[in-house]
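Chain residues, written in single-letter form:
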Amino acid sequence: MNREDKQRVIGKVVAINSDRFTVELLSGIDNFNISGFDDIHYFAQLNSYVVLPYQNYFIVSEVSGVREKELNVPFSNPKEQILSKSTTGKYLEILPIGTLKPVDENPDYYKFEFGVSVYPALYTDVLYIKEKELDAIFNVKEQIEIVCEKPSEHKEKCDCEKRRYKTLSIGTSTIFPDYEVKIDIDKFFAGHSAVLGNTGSGKSCTISSILQSIYKLSNHSAVGSTFIVFDVNGEYKQAFSEISENTDIEVQNFCIGSSDEDVKEFTLPHWFLTIDEWALLLQATEKTQIPILRNALGLASVFSIGENVNELKNHILATCISEILRDETSSPSKSDRILSILQKFNTAEISLTTEFTFIDQDGTEHNSVRIGNQNVRLNLRNCLYVHFGVIVGTEQLHYFLEQTNGDGLSLFIQEKFQMPSYEKYQKFTFDIIEDALDLALLYEEAHGNRHIRDYCSSLITRVKSIKDRTDFNFLKKDDGNISEYKNSLIGLNEVEAQKLKTSQIIIIDISAVEDEIVEVISCVISRIIYESVKDINPRNSYPVNLILEEAHRYISRNPMGTFLKANKIFDSIAKEGRKFGLLLLVSSQRPSELSKTVLSQCSNFIVHRIQNPEDLAHIRQITPHISETILRRMPSIPTQHALIFGHSVNLPTTFKVHEAKPLPKSDNNRISENWFRQKGFSLTENVEMSDEEE
């Protein structure tokens, strides 16, 4: 320890435990401050730092408690109630948190490393912390690196003006107000992160502030960045309305049911969905309904494509019509069902206009069927005519459907038949789903499962409900191009076989729909984005950050029902997305309700005020390196303040978040202003005032 260090000794270690040390301060330090060469240093503030010299480096410790040795000293003047403290001992409780080691033996520059593997000896000196040591802790140096544009010429000295930022300021320290709290850009945005806190604690403002800070960096804009925001409360359009002032940056706004000119209509064509996502949409049960749903979607796809699949279609139609003719319902009901099927599903061989000849038991050939007092042409429509409560051509229909060729093989019904499988991205008409489901149920009934329709009653009801509801219109799109859709989601535009970067922020406003729809949209869009990022070559060269607002609404720890496969896309992204460049930023007010897998994979946490004991315990469980001291701070953190910890900062730090300008649309209700109004006031005035403020 050099002479300068000896001048800043404030005490000595008098007790050493596995997680904390006790420091007895030197006598004469009455006000917990000491005059140094550069300033007056107050070192007894909770959460401030002191250093302990050890060999050629320092152990950094955090002050967690301040106390005096309890002595029975009487009041010096009972009337004035003044305590005499001249003989009391003063102590600090400190927690070791990391080390400061000199870089290349340079005493003026240190590198901070989180974690302590050695302990000091008893009576080790304790020093107040200096500015250059705080610089190392708060990443003040090496914030920008030079990007050499001529590496072949600048081998020894580079004078290029192009710069690349390595750190990003997100706020100011609450303990050291002159210090900005910075995150390592590579470590924060190249890993999964979580922003947690009670409602109204400032989560949306924190996210907005961080992103605004990124795009306000001078000299070299973050053109290659991609942030996709699931905006479930309609907050972020306002927050990023002024980012376009940076001409290098473009914001795309998508919304369901918006009439704004600068907002694009959000659509999600139904044929983009996988079978698991259909099951989530229709709340299908796994044992009985999902197999029927899979068959129905397969049939819808087959009957919508123009390829030659007549043999498959003929088999299904012949089997279903035969089953209807044999069931116990009335003839008018049978006729109506078959007519409905053949109007929507038909082939050249089996349609309402198909004509055929009928050979009776006597071997006589007929080309007509008798209806009342007259004979009419023999086709399927005429055979289905109901006369006096009876289908006139039942015998002829059975003959037609069961006829064979010269080899004795059935023309329509196949012995070895396999139901068509459903493939995502296979276009089909949304209106056909209900009829395809009926066809799939008929086919299942034809094979002896008489109760399948009862088991699938809720599925049928759900399909009809979605078909009739207007809030699902975004899903009922029969056209579209999946390649263009994928590109637009991740901010690309394909021109002459080249993918060009166009947008940096993509906001998907889904505030107008219910939670059940939000869950489906988030799962499908996340899966499509994941596929898109995985297809980019070279691998992990196009980072995409997915911001999940109110994540507990669709990444639930215990989702209701048994259809969990669609929800597992977030678990897959949490576990594997980093390898391909898809990163999550999860925002939630109820961390205990989030998926354990997703939260456990987060390497950075920004925690605002949290008061719920379950949420506090959950955070403690998933982040074992958090001390109880840090945990105890969370219920009392003020608004616009947060605690950050993880790989992107050197040590857990409480900071005041930089103010977002403009703010997201998430401010608190001004109760006193909205309560005390004139009687009979008009709500139109509120709308006009709101428009003026914006």
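Structure shown above.
**Quick word on unusual backbone geometry**
Then, in step 1: That bond from N537 to P538 is cis: its omega, 0°, falls within 30 degrees of zero.
Then, in step 2: Each neighbour pair has its own omega, and for K661 with P662 the value is -5°, a cis peptide bond.
Then, in step 3: Of note, Y123 is a non-glycine position whose phi angle comes to about 70°, a positive value.
Then, in step 4: Assignment of secondary structure puts Y123 in the loop between β10 (106-114) and β11 (125-128).
Then, in step 5: Y123 sits in the exposed class, given a relative accessible area of 55%.
Then, in step 6: Of note in this structure, E550 is not a glycine but carries a positive phi near 50°.
Then, in step 7: Along the chain, E550 falls in the loop between β29 (544-548) and α17 (569-580).
Then, in step 8: For E550, a relative accessible area of 11% puts it in the buried group.

**Remarks on the pattern of salt bridges**
Then, in step 1: Here the structure, examined in full by the defined rule, presents 28 salt bridges.
Then, in step 2: Here E531 makes a salt bridge to K486, at a shortest N to O gap of 3.4 Å. On the criterion of sequence distance, the pair formed by E531 in helix α16 (residues 515-535) and K486 in helix α15 (residues 482-489) is long-range, its members being 45 residues apart. Like K486, E531 is buried.
Then, in step 3: R670 is the salt-bridge partner of E673, the closest N and O atoms lying 3.9 Å from each other.
Then, in step 4: Overall, E673 belongs to the partly exposed group, its relative accessible area being 35%.
Then, in step 5: Three or more residues are tied together by salt bridges with common partners; here these are E277, K424, K486, R527 and E531.

**Thoughts on the packing of helix α6 (residues 275-282) against α16**
Then, in step 1: At a minimum axis distance of 9 Å, the contact between α6 and α16 shows a crossing angle of 170°. Relative to α16, the element α6 lies roughly antiparallel. Residues E277, L280 and L281 of α6 lie in contact with α16, whose contacting residues are E519, V520, C523, V524 and R527.
Then, in step 2: Of the residues belonging to the contact of α6 with α16, the class tally is five nonpolar, no polar and three charged.

**A short note on helix α9 (residues 331-344)**
Then, in step 1: Here α9 spans 20 Å end to end across 14 residues, near enough to the 20 Å set by a 1.5 Å rise per residue.
Then, in step 2: Taken together, the buried positions of α9 are occupied by S331, K334, S335, I338, L339, I341 and L342. In a view along the axis of α9, the buried residues occupy a sector of 165°, so they form one face of it. Facing away from the buried surface of α9 by more than 90 degrees, the exposed residues are D336 and Q343.

Reading the values: the criteria
- Residues numbered from 1 in each chain as written.
- Predicted model: local features only at pLDDT ≥ 70, side-chain atom pairs only at ≥ 80, totals over all residues.
- Heavy atoms only, no water.
- Helix = DSSP H or I, 4+ residues; strand = E, 2+ residues; numbered from the N terminus.
- Buried < 20%, exposed > 50% of the residue type's maximum accessible area, 1.4 Å probe, protein only.
- Salt bridge = Lys/Arg side-chain N within 4 Å of Asp/Glu carboxyl O.
- Axes fitted to C-alpha atoms, helices over the stretch in contact; angles between N-to-C directions.
- Parallel < 35°, antiparallel > 145°, perpendicular 65-115°, else oblique.
- Contact = heavy atoms within 4.5 Å.
- Nonpolar A, V, L, I, M, F, W, Y, C, P; charged D, E, K, R; others polar.
- Expected span 1.5 Å × (residues − 1).
- Arc of directions from axis to C-beta.

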